[in-house]
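A closer look at the structure
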Amino acid sequence: MKTVEVTKFGGPEVLVAAQAPDPVAGPGRLVIGVSVADVMSIDAQLRAGWGRDWFPAAPPFVPGTGVAGRVLSVGDGVDPSWVGRRVAALLPLGGGYAERAVAAVETVVEVPDELPLWRAAALIQVGPAALSLVTAAGLRPGTRVLVTGAGGALGLPIVRLASAAGARVTAAAHGPEKRRAALEAGAARAVDYPELAGTGATADLDRPWPSGADQAGGSEPPVADGGGPAGDSGPAADGGPVSDGGPVSDGGPVSDGGPVSDGGPAGDGGPVEGRGGRFEVVFDGVGGKVGAEAFELVEPGGTFFAYGVPSGSTALIDPAEAERRGVRVVGMEQVQFAPEEFRRLAELTLREAVAGRLTTAVGLALPLERAAEAHAALEARALVGKAVLLVTATAVRYREHGGPEVLELEEVPLPQPGPGEVRVAVRAAGVNAIDWKLRTGFPGGPGDPLDGPRGTGIELAGTIDALGPGVTGWRLGDAVFGQVATGAVATHAIADAAALAPKPDDLTYEEAAALPVAVETAGRALDRLGMAERTTEGTAERTAEGMTLLIHAVAGGVGLAAAQLALARGARVIGTASERHHAFLRALGVHPVAYGEGLAERLPESVDRVLDASGRGELELSVRLTGDPDKVVTIADPAGAARLGVHFSSGGKSTMREGSGEALLAAARRVRLPIAEVFPLERTADAHRRSQDGHLLGKLIITTESFLPR
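This text gives an overview of the structure that appears in the document. Because the structure is a prediction, the values reported are computed rather than measured. Residue numbers here run from 1 along each chain, matching the order of that chain's written sequence. Local features in this predicted model are restricted to residues whose pLDDT is 70 or higher, and side-chain atom pairs enter the listing and the counts only when it is 80 or higher, whereas totals over whole chains, interfaces and linings include all residues. Calculated side-chain values reflect all of the structure's heavy atoms, with hydrogen atoms and water omitted.

**Considerations on the overall build of the chain**
Worth spelling out the cut-off: A run of H or I in DSSP becomes a helix once it reaches four residues, and a run of E becomes a strand once it reaches two; helices and strands are each numbered from the N terminus. Relative accessibility decides the category of a residue: with a 1.4 Å probe and only protein chains considered, values under 20% of the type maximum give buried, values over 50% give exposed, and everything between is partly exposed. Here the open area of atoms and residues is found with the Shrake-Rupley method and a 1.4 Å probe, where only the protein chains shown may cover a residue.
Assigned secondary structure in the chain consists of 22 helices and 35 strands. Each of the 710 residues in the chain was classed as buried or not, and the buried ones make up 58%. Summed over its atoms, the accessible surface of the chain is roughly 27000 Å², and 50% of this surface lies on carbon and sulfur atoms.

**Digging into helix α5 (residues 176-184)**
Residues three or four positions apart in an α-helix share a direction because the helix packs 3.6 residues into each turn. Applied cut-off: Each C-beta atom gives one direction from the helix axis, and the arc is the one those directions make. Contacts between residues were defined by any pair of non-hydrogen atoms, one from each residue, lying within 4.5 Å.
Those residues of α5 lying buried are Lys178, Arg179, Ala181 and Ala182. The buried side chains of α5 occupy one side of the element, clustering within an arc of 160° when seen end-on. Structural note: α5 exposes Pro176, Glu177 and Glu184 on the side pointing more than 90 degrees away from its buried face. In this fold, the buried residues of α5 make contact with α4 (155-164), β9 (168-172) and β10 (189-191).

**Topic: the nonpolar core**
Worth spelling out the cut-off: What we call a nonpolar core is a set of buried Ala, Val, Leu, Ile, Met, Phe, Trp, Tyr and Cys residues that are connected through their side-chain atoms within 4.5 Å.
Leu139, Ile158, Phe283 and Phe305 are the most contacted members of the largest nonpolar core, which has 61 residues in total. Leave out the neighbours within four places in its chain, and Ile158 touches Ala130, Leu133, Val134, Val147, Phe283 and Tyr307. Ranked by size, the runner-up nonpolar core spans 47 residues in total, among them Ala562, Val573, Val590 and Leu697.

**Concerning helix α19 (residues 619-626)**
Within α19, six of the eight residues are buried, which leaves the element mostly enclosed by the surrounding structure. Taken as a whole, α19 has its buried residues at Leu619, Leu621, Ser622, Val623, Leu625 and Thr626. Those residues of α19 that are buried lie in contact with β28 (548-552), α18 (599-602), β31 (609-612), β32 (632-634) and α20 (638-644). One or two positions beyond α19, positive phi appears at Gly627, with a value near 75°.

**Notes on unusual backbone geometry**
In this structure, the amide linkage connecting Pro59 to the following residue, Pro60, adopts the cis form with an omega of -5°. Relative to the assigned elements, Pro60 resides in the loop between α1 (41-47) and β4 (66-74). Positioned with a positive phi, Arg381 is a non-glycine residue whose angle comes to about 60°. The class of Arg381 is buried, set by a relative accessible area of 12%. Even without a glycine there, the phi angle at Ala553 is positive, about 70°. Tracing the chain through its elements places Ala553 in the loop between β28 and α16 (557-568). A relative accessible area of 14% means that Ala553 is categorised as buried.

**A look at the packing of helix α3 (residues 126-137) against α4**
Selection rule: The angle between two axes is taken between their N-to-C directions and runs from 0 to 180 degrees, where each axis is a line fitted to C-alpha atoms and a helix contributes only its stretch in contact. Oblique is the label for any angle not covered by the other classes, which are roughly parallel (under 35 degrees), roughly antiparallel (over 145) and roughly perpendicular (65 to 115). The hand of a helix crossing depends on one turn: near helix anticlockwise from the far one by less than a right angle means left-handed, and clockwise means right-handed. When residues are grouped by polarity, Ala, Val, Leu, Ile, Met, Phe, Trp, Tyr, Cys and Pro land in nonpolar, Asp, Glu, Lys and Arg in charged, and all others, Gly among them, in polar.
One can describe the packing of α3 onto α4 by two numbers: an axis separation of 9 Å at closest approach and a directional angle of 40°. Taken together, the axes of α3 and α4 lie oblique to each other. Handedness of the crossing formed by α3 with α4: right-handed. Together, Ala130, Leu131, Leu133 and Val134 of α3 and Pro157, Ile158, Leu161 and Ala162 of α4 make up the contact between the two elements. Within the contact of α3 with α4, the residues separate by chemical class into eight nonpolar, no polar and no charged.

**Observations regarding the sheet that holds strand β19 (residues 408-413)**
Rules: Paired strands, as defined in this entry, are two strands with at least two bridges between them according to DSSP.
Pairing is antiparallel in the open sheet, where three strands are placed in the order β19-β18-β21. Each edge of the sheet is formed by a strand with only one pairing partner; in this case those strands are β19 and β21 (454-455).

**Things to note about the environment of Leu345**
For Leu345, the location among the structural elements is in helix α11 (residues 339-354). C-alpha separation for the pair Leu345 and Gln125, spaced 220 residues apart in sequence, amounts to 9.8 Å.

**Description of the packing of helix α13 (residues 433-440) against helix α22 (residues 684-693)**
Packing of α13 against α22 leaves a shortest axis separation of 9 Å and a crossing angle of 105°. By the angle between their axes, α13 is roughly perpendicular relative to α22. Contacts between α13 and α22 pair Ala433, Asp435, Trp436 and Arg439 from the former with His688, Ser691 and Gln692 from the latter. In terms of residue class, the contact of α13 with α22 is made up of two nonpolar, three polar and two charged.

Structure follows, in structure tokens:
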């Protein structure tokens, strides 16, 4: 199996992809096929050599203490019904950065069907910690709360839960994006650290990460590092089993029903006025000097939660000062759980996530082999929320020809690009008639059984997340759009590098995904009709000046693209369309004509060229109007074309020729297509049904938002 291991203590570059034997489930354990691995700031600290007194792992080792995926096998003493279930798991001893991981059954919880696995992975560690901390605080409507590290993965759910309890939350975070995320989570006010207690409060955030040598024999063991670069919780145990037992805290049990509180909305956080006690409760996810400054803002009799260590230690607090002011200080014990308590809190976390009451932000999602980049992002301290590593993809596939019901949503290995190819993390994919025609067995109808699963979709927009050998001109993270051979309706797809174009900044991913097939098909058809684009000394010629072009189904994707290209080349365009689309078409410059009986009477006696994008029996009329079958092209009626001598223009992989990405970008500057409807990935079958119904204005789009973190 593939893994990523720490080869030696050091920077992110010591994380290296490796191979390891597939693990075997021992007694009381199970093997999980990992779909998503959680990335913790503590992973980066341990990789650097920090905390060796409490985490004795020595290189080489596989980091990662939280995963989500499916159970592949179980050991002795484990109920075999676990096999096949979607689960999330805590791995106190690491091993999560891998295709397969072993977990003790007592730290595994089932993931509800409604919850994407990436969300489960992102919450499996920070969710229980947030629930425990906020409940222990005993918040009431109006309680004045400060959260440091509020833009991190643990800080954000704390802000959300505290705000939902009616507390007046001030969120402290470094950087405008983190503060914006905290406000969106419900904070009444978001501030940078200097606004809390003077410019010295940010010193810990700007210094290098602690190294093993710096921290040997130093601070408390890192268990929850909520306000750090990712703001996430550390493993719920200090290197051994999930906990060494004992009560969760002295703050009362965590309720296992419903949200933490149904209190009223958060009020105005009010100004922060230096030192002197402004907050009843402080959740410190940063530690060090920042935590010490935050401690001085706790009013007498208040509560200070000290769990953050990304600064190298928990908050530097004088116990005598805490006692003098009557401040209750709660430490790491609040986020250390016995196995049964962890499972209860983890199950509650996932229920609350399904209900929309508990979530965190995923600011970065990368394939497993790019774990070093995830660690580098953590150490840059600019990441909002947390990072996760993707081990598998989700794709819509079918194993037999038939109706939309044969489409299935499947988890598949991340596809790997070959020479001249790239892998695209798909944000949106277009739906075309060819998709459902191929699904039904086009061109001859259902025939021999398929020899394996088939993907669907041939156009997409997204970001490049892997480069194949020999690829130049593209970088990881580039936003692109274009055609693929197949499999665009997925979270990840393989594309020929030359068939892609940079996504224009003024196009959304949905708008960009609507264009590739339509503009390529329209351009190919116009070329065949003698209306090709030509340039002379850099100036585009109006090659269709004076021509009248009739487009059947002009309101569809290809029809609209052809109309806009032909208008730009000087043609007059007439198009058949449903009457409800006529106003839009007139505004575009097209003369619309209604479908149906009497169509010939509504059209001029002759036209110069015809493009049939309908396939609904208009070819005979089209040949009569032009007087020459060579002046008619259809993209939708191959049988009629063969019978009448009309050219049938079909696409395919051959159309994705060298430089087609450049041609796509040029055409995209002239064409805009309306989005008829957007479907989530899990409703691809509905998108196919809608496409088969026809009479659309523009394109149907499928998005991967539910399955791919943004």
